[in-house]
Amino acid sequence: MTTTKIKHKGGKVLRQSLINRFVHWSTALSIFLLILTGLGQMPLYNRYNVTKLPGAEWLGDYFITVGLHYLAAVLLIFIAFYHIVNAFIRKEFDIFPRRGDLKESYLIIKAMFTKGKEPPSDKYLAEQRLAYLFIGGNVLLLILTGLIKMYKNVPGVELSNSLLFWNTMFHNIGTVLLILGIIGHLAAFLIKENRALLPGMFTGYIDHDYVKHRHSLWYKKLQTQDEEIQPKGNTNQGTSSKKSTHIPAKSSSM
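Here the structure is a predicted model, which is why all the values come from computation and not from measurement. (Residues numbered from 1 in each chain as written. Predicted model: local features only at pLDDT ≥ 70, side-chain atom pairs only at ≥ 80, totals over all residues. Heavy atoms only, no water.)

Draft legend 1. Quick look at the overall build of the chain. Regarding its fold elements, the chain presents 8 helices and 4 strands. Reading the chain from its N end, one meets helices and strands in the order β-β-α-α-α-α-α-α-β-α-α-β. Burial status across the chain gives 37% buried among its 254 residues. Roughly 15,200 Å² of accessible area belongs to the chain as shown, and the carbon and sulfur atoms make up 68% of that amount. (Helix = DSSP H or I, 4+ residues; strand = E, 2+ residues; numbered from the N terminus. Buried < 20%, exposed > 50% of the residue type's maximum accessible area, 1.4 Å probe, protein only. Areas by Shrake-Rupley, 256 points an atom, 1.4 Å probe, with all protein chains shown as cover.)

Below, the structure written as structure tokens:
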């Protein structure tokens, strides 16, 4: 794993590296395009007069939507491959599911509604790791079934009708589950306790006190990693919490 000194301002801790944010937003862009163009091939947009909206005519053009669909698929495959290889090379598995995540997720959600005490969390909450598994699993399913759908178009290739039927079924089911997963992912930020994590996917930084309170296991790792970690408000070196300080953090995946 890599350790870096991060200059920050206002008591923030780096949670998402530039690589993580690149992977996240590239994945989001490719999935958005895949869903948008995939629905256009059904063809829903012509059927429900979406193409009559200003600037939406192209959604009804099969060749345009197919071309964009393939381009987005190539991007998604590249990002997925890059993310997995990078995680194993750097040995950064913070977001990967762990044993006991189901029980821990239940306790965290229960604490949110009962105003009780949450179990200590690492860099990612247990439900975030489960969401990663759910969304990531469906992405891999769509990549596999999508490759088969492309392969059947290669000249000279003949696949059984049964295989094509079930492949299409799993591709469509994976699409629906992925959309539901994305909705759940976004809906999580409706919960007040989760909103402090949102800036991390834009700037990379989240509030220091939030890390110390809700991600105490990760906070302890940061302290162990470098004894010079400075909590918000520390004035031992003649600086205030409003001035720039240095806090170590690990560059990790997703």
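Now that the structure has been shown, the text picks up again.
Draft legend 2. Here's a closer look at the side chain of Asp-101. On the secondary structure map, Asp-101 appears in helix α4 (residues 101–114). Overall, Asp-101 belongs to the buried group, its relative accessible area being 2%. At a separation of 2.7 Å, a polar atom in the side chain of Asp-101 contacts the side chain of Arg-129. Ignoring anything within four residues of it in the chain, the contact list for Asp-101 reads Ala-126, Arg-129 and Leu-130. (Polar contact = N/O pair within 3.5 Å; in protein donor to acceptor, adjacent residues only side chain to side chain. Contact = heavy atoms within 4.5 Å.)

Draft legend 3. Molecular detail of the packing of helix α1 (residues 18–40) against helix α3 (residues 62–90). For the pair α1 and α3, the least separation of the axes is 8 Å and the interaxial angle reads 150°. Relative to α3, α1 is oriented roughly antiparallel. Pair α1 / α3 crosses with left-handed handedness. Contacts from Ile-19, Phe-22, Val-23, Ser-26, Thr-27, Ser-30, Ile-31, Leu-33, Leu-34, Thr-37 and Gly-38 of α1 reach α3 at Thr-65, Leu-68, His-69, Ala-72, Ala-73, Leu-75, Leu-76, Ile-79, Tyr-82, His-83 and Asn-86. (Axes fitted to C-alpha atoms, helices over the stretch in contact; angles between N-to-C directions. Parallel < 35°, antiparallel > 145°, perpendicular 65-115°, else oblique. Left-handed = near helix turned anticlockwise from the far one by under 90°.)

Draft legend 4. Structural view of the pattern of salt bridges. The final tally for this structure, using the stated rule, is 5 salt bridges. For the salt bridge of Arg-98 with Asp-122, the shortest nitrogen-to-oxygen distance reads 3.1 Å. A residue pair is termed long-range when its members are at least 10 positions apart, and Arg-98 in the loop between α3 and α4 and Asp-122 in the loop between α4 and α5 (126–151) qualify at 24 residues. Given the relative accessible area of 35%, Arg-98 is considered partly exposed. Using a relative accessible area of 5% as the deciding quantity, one classes Asp-122 as buried. Across the pair Glu-118 and Arg-214 runs a salt bridge, and its minimum N-O distance is 3.0 Å. Placement of the pair is Glu-118 in the loop between α4 and α5 and Arg-214 in helix α7 (residues 208–214), with a sequence separation of 96 residues. Both residues of the pair, Glu-118 and Arg-214, count as buried. Sharing partners across several salt bridges, the network here consists of Arg-98, Asp-122 and Lys-221. (Salt bridge = Lys/Arg side-chain N within 4 Å of Asp/Glu carboxyl O.)

Draft legend 5. Seen up close, unusual backbone geometry. With an omega of 0°, the peptide bond running from Met-42 to Pro-43 counts as cis. Secondary-structure assignment places Pro-43 in the loop between α1 and α2 (44–47). Positive phi, close to 60°, is recorded for Asn-49, a residue that is not glycine. For Asn-49, the location among the structural elements is in the loop between α2 and α3.

Draft legend 6. Main features of the packing of aromatic side chains. Using the criterion set out here, one finds 10 aromatic pairs in the structure. Measuring from ring centre to ring centre gives 5.8 Å for Tyr-62 and Phe-63, while their planes differ by 80°; the resulting arrangement is edge-to-face. Its relative accessible area of 47% is what places Tyr-62 among the partly exposed residues. Residue Phe-63 is classed as exposed on the basis of its relative accessible area, which comes to 70%. Taken together, a centroid distance of 6.2 Å and an interplanar angle of 75° make the contact between Phe-88 and Phe-96 edge-to-face. One aromatic cluster is present, formed by Phe-88, Phe-93, Phe-96 and Tyr-132 through successive ring pairs. (Phe/Tyr/Trp six-rings, centres within 6.5 Å; stacked < 30°, edge-to-face > 60°.)

Draft legend 7. Focus on α1. Here α1 spans 33 Å end to end across 23 residues, near enough to the 33 Å set by a 1.5 Å rise per residue. For α1, the complete set of buried residues consists of Asn-20, Arg-21, Val-23, Ser-26, Thr-27, Ser-30, Ile-31, Leu-34, Leu-36, Thr-37, Gly-38 and Gly-40. Of the surrounding elements, those touching the buried residues of α1 are α2, α3, α5 and α6 (161–187). (Expected span 1.5 Å × (residues − 1).)

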